[in-house]
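What follows is each chain in one-letter form.
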Amino acid sequence: MQSHEIDYRILGNDIQVLEVELDPNETVIAEAGAMVYMEEGIAFETKMGDGSEPDQGFMGKLFSAGSRLLTGESLFMTHFTHRGGYGKSRVGFSAPYPGTIIPINLADKPNGLIVQKDGFLAAARGTKISIHFNQKLGVGLFGGEGFILQKLTGDGKAFIHAGGTIIEKQLNNELLRVDTGCVVAFEPGIDFSVARAGGLKSMIFGGEGLLLATLRGTGRVWLQSMPVKKLIQALAPGGGNARKESGGVFSGVLGGLLDE
């Protein structure tokens, strides 16, 4: 189905809010629990699925919604519709942790956009949100964040969320290596895989993890400076010293032994 044409604005800097402006009978879909406020005339309903296939039967909706569980998301999505008789009404959304909201015009992406499993925030009704499996065996076994992804397709506006600052890069048949948790989204022309993070000493004491995500090809890539996993680690007791400790005396002694 054709996506609803919604207007929006993004409020704030470090902890942003997405405000969507709806005309009568327009609908925006969002992750459960993302709503911050809604004005008079907005009605909401929790449904299985994204509503992109209104004629889909119960089993189809159940399968579509069930696949979302594999990405760690809720079985249900919330549909917000302007039921008032006239004028415009607004509904606001925010992500569950500090970061940046990225507006995406899916009409400019006929092949869709691949998004990390917790990156989707909201979209115009008509946007199809499906599961995307990375076919690289190494990603499935070791990559963690990069194995089960979401794919957004449609012709309307969609909004994804990232932690910290957004870095957008255009690759032209190039290779980019990234911390696996820092990949937010990429176009289908990009090949996503994982690679070992250097030698044995670097893997153990480098503080960058055992593996790095490898993005190769032609297309756009969106990265985040502070994925929620790193934020949790930093806020945990002693978390801020973890990186320093990885390069301390202990690592220096053992690192020397590994060089021998």
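Residues numbered from 1 in each chain as written. Predicted model: local features only at pLDDT ≥ 70, side-chain atom pairs only at ≥ 80, totals over all residues. Heavy atoms only, no water.

Going by what an unreviewed UniProt entry lists, the protein is known as TIGR00266 family protein and is assigned to Hymenobacter aranciens.

Turning our eyes to something else, we now look at the nonpolar core. Ranked by size, the top nonpolar core spans 17 residues in total, and within it I104, L113, F120, L152, I160, A185 and W222 carry the most contacts. Secondary structure elements with two or more residues in this core: β8 (99–105), β9 (113–115), β10 (120–124), β13 (157–163) and β15 (183–186). In terms of residues, this core owes the most to one element, β13, which gives 3 residues. Not counting residues within four places of it along the chain, the set of residues in contact with L152 comprises L106, G112, L113, V115, F120, K128, I129, A158 and I160. Membership of the second largest hydrophobic core comes to 16 residues, among which are I6, F80, V91 and F93. (Core = buried A, V, L, I, M, F, W, Y, C linked by side-chain atoms within 4.5 Å. Buried < 20%, exposed > 50% of the residue type's maximum accessible area, 1.4 Å probe, protein only. Helix = DSSP H or I, 4+ residues; strand = E, 2+ residues; numbered from the N terminus. Contact = heavy atoms within 4.5 Å.)

As a further point, take the sheet that holds strand β4 (residues 35–38). Pairing is antiparallel in the open sheet, where 4 strands are placed in the order β1-β2-β7-β4. In this open sheet, the two edge strands, each paired with only one partner strand, are β1 (7–11) and β4. The sheet shows a mean angle of 20° between the axes of neighbouring strands, direction not considered. In the sheet, strand β2 (residues 17–22) pairs with strand β7 (residues 89–93) via 5 bridges, with the strands oriented antiparallel. In the strand pairing of β7, E21 is matched with R90. (Pairing = 2+ DSSP bridges. Axes fitted to C-alpha atoms, helices over the stretch in contact; angles between N-to-C directions.)

Attention now moves to the pattern of salt bridges. Tallying each qualifying case throughout the model produces 8 salt bridges. Between E187 and K109 there is a salt bridge, with the nearest N and O atoms lying 2.7 Å from each other. Of this pair, E187 sits in the loop between β15 and β16 (190–196) while K109 sits in the loop between β8 and β9; the two residues are 78 residues apart in sequence, bridging distant segments of the chain. Each member of the pair E187 and K109 is classed as buried. One network of salt bridges, with partners in common, ties together E21, D23, E39, K88 and R90. (Salt bridge = Lys/Arg side-chain N within 4 Å of Asp/Glu carboxyl O.)

We now examine the packing of aromatic side chains. A complete count under the given rule lists 4 aromatic pairs for this structure. Ring geometry for Y8 versus F159: centroids 4.9 Å apart, planes at 70°, classification edge-to-face. You can see Y8 sitting in strand β1 and its partner F159 sitting in strand β13, a full 151 residues away along the chain. By relative accessible area, which is 0% here, F159 ends up buried. Ring centres 5.2 Å apart and planes at 75° place the aromatic pair F80 and F93 in the edge-to-face group. Of this pair, F80 sits in strand β6 (residues 76–82) while F93 sits in strand β7, placing them 13 residues apart in sequence. Each member of the pair F80 and F93 is classed as buried. One aromatic cluster in this structure is built from F44, F80 and F93. (Phe/Tyr/Trp six-rings, centres within 6.5 Å; stacked < 30°, edge-to-face > 60°.)

Turning next to the sheet that holds strand β3 (residues 27–31). If you walk across this open sheet you meet the 6 strands as β5-β6-β3-β10-β13-β8, and the pairing is antiparallel. The open sheet is flanked by β5 (42–48) and β8, the only strands paired with a single partner. Ignoring which end each strand starts from, the neighbouring axes of this sheet average 20° apart. Both β3 and β6 contribute to a ladder of 5 bridges, which runs antiparallel. Counterpart to I29 in the pairing with β6 is H79.

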